[in-house]
Number of protein chains: 2
Amino acid sequence: MNIYVIGMGPGDAAYLTPRALEAIQASDVIVGYGLYVELLGELVQGKECITTPMRQEIQRCEMARDKALAGHTVSVVCSGDAGIYGMAGLVHQVCEGHPELTIEVVPGITAACSGAAVLGAPLTHDFAVISLSDLLTPWEKIETRLDCAAQGDFCIALYNPSSKKRADYLKRACDILLRHQPETIACGIVRQIGREGQEYELCTLGELREKQVDMFTTVFIGNSQTRVIHNKLVTPRGYENK
Amino acid sequence: MNIYVIGMGPGDAAYLTPRALEAIQASDVIVGYGLYVELLGELVQGKECITTPMRQEIQRCEMARDKALAGHTVSVVCSGDAGIYGMAGLVHQVCEGHPELTIEVVPGITAACSGAAVLGAPLTHDFAVISLSDLLTPWEKIETRLDCAAQGDFCIALYNPSSKKRADYLKRACDILLRHQPETIACGIVRQIGREGQEYELCTLGELREKQVDMFTTVFIGNSQTRVIHNKLVTPRGYENK
């Protein structure tokens, strides 16, 4: 293998899979956003670590490609899953024209799964995953997707629900969902999933509209059947109707 | 902890997380569909294993609850993630009225992530997960969700795309998607993810309509930007447009 693109899961080593561990151990070069490489600690000792700041994703993947072309085995590490808003796509893109490079994507646990586990079981039925970041996606497209997801009564996991520059995006998203869903829809917010300071909170869609959340938060919106059981968020799959 | 609901990932031990392993080791009773418990092999030696056939999900969860009420530590094991079409919701439901029971959901790698990794990176942008099984969900609701997901130009992962009784469901699903998306949309099919005999195939949405798939298959439908790079399915996130 020339390049592994590795999903590290939520951050805690308890969710790093044996396959991810094996791939990191087999690599002599580790590429990633600084914080994620730091989380690996002793695992990357003695390896060449190439860290780049946030938003230098293309450069990061090109460096990984160039190291692989020079004969190294490279791991590109991502938080969560490697494919869901991770580097897997971009690594394939920058390696286009180099069919001699082999790429293995090692899946990891994405925040939709790890955050849902903290809340109980909000995604037990059909769901949509939507990022509210408009850095790479026109806001109009995000709006359309929110509208369609609410029309379809999907459970929804919202990634990147806010940042300093986008303080009102969650409110704007809720207003779109409220076109089709009632204010009473059960929702949940999880901060720092699988990390120190993990916390969660339940609320209604109407209340969610007024919440301030940060970039370390994943937001879950239930479907019309989702309810709260003993302070957990639960979407029935429908077994009870059989 | 009284009950763990554990996502085992795709099946291969390489994707079982340390936390899942720890929870199984801490349990004296293991409850699950026979095949999944078998996959655990030596891990469950010496433990009481309660296996039930497919479609006895309520009984399975009630047995887990009753064992927990009797003082045992119980692991309910699921393939993939515990929350995505898994038992996490139902365990919370059958434990309603027993606030003294603590439930931990241990997330696992769901087929959307593990299957996407096999195909390359089809879910690197917003996506929807939809099950085509109408055992628990009215077909009309599934149709609405397919229609909304296609309208929103979501990437889509289809779970349970077919079975003997539902041989034409994938074709019917494609016909709905084709109302909004062109026949040229790039798609992928993965069989036996993370298990012996794993295989994948790429095709267009028009070709997908004619495919026969089985219940061990997960189907991926790209969005309007998804393309094939060196025989892998890649959905750009948009870095190249910055």
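Refer to the preceding data block for the structure.
Let me sum up the structure you'll find in this document. Starting afresh in each chain, residues are numbered from 1 along the sequence in its written order. The naming scheme follows written order: chains are lettered A onward, ligands numbered 1 onward. For a predicted model such as this one, the threshold for reporting local features is a pLDDT of at least 70, and the threshold for listing and counting side-chain atom pairs is 80 or more; totals across whole chains, interfaces and linings nevertheless cover every residue. Calculated side-chain values reflect all of the structure's heavy atoms, with hydrogen atoms and water omitted.

## Details of the relation of the copies chain A and chain B
In step 1: Least squares is the method for superposing the copies, and the C-alpha atoms it fits come from residues with pLDDT of at least 70 in both. Between chain A and chain B, the superposition needs a rotation of 180° and an axial shift of 0.0 Å, giving an RMSD of 0.0 Å. Taken together, the rotation angle and the small translation identify this as a two-fold axis. Taking C-alpha positions as the reference, the residue of chain A nearest the rotation axis is Ala-128 of chain A, at 2.1 Å.
In step 2: Of the residues that chain A buries at the interface, 99% are likewise interface residues in chain B, meaning the two copies contact each other through the same surface. Any two residues whose heavy atoms approach within 4.5 Å are treated as being in contact.

## Structural notes on the environment of Val-5 of chain B
In step 1: Each helix corresponds to a stretch of at least 4 residues labelled H or I by DSSP, and each strand to a stretch of at least 2 residues labelled E; elements are numbered beginning at the N terminus. Note on placement: Val-5 of chain B falls in strand β1 (residues 3-7).
In step 2: As for Val-5 of chain B and Cys-95 of chain B, which are separated by 90 residues in sequence, their C-alpha atoms are 12 Å apart.

## Digging into the environment of Leu-208 of chain B
Residues and elements named next belong to chain B.
In step 1: Residue placement: Leu-208 occurs in helix α8 (residues 205-208).
In step 2: For the pair Leu-208 and Ile-185, spaced 23 residues apart in the sequence, the C-alpha separation amounts to 9.9 Å.
In step 3: Excluding anything up to four places from it in sequence, Leu-208 contacts Leu-170, Cys-174, Cys-187, Ile-189, Cys-203, Val-219 and Ile-221.

## As for helix α1 (residues 18-26) of chain A
In step 1: To sort residues, take the accessible area from a 1.4 Å probe on protein chains only and compare it with the maximum for the residue type: under 20% means buried, over 50% means exposed, and anything in between is partly exposed. Of the positions making up α1 of chain A, those classed as buried are Arg-19, Ala-20, Ala-23 and Ile-24 of chain A. Relative to the axis of α1 of chain A, the buried residues are bounded by an arc of 135° and lie together on one face. Arc, as used here, means the arc of the directions from the helix axis to the C-beta atoms.

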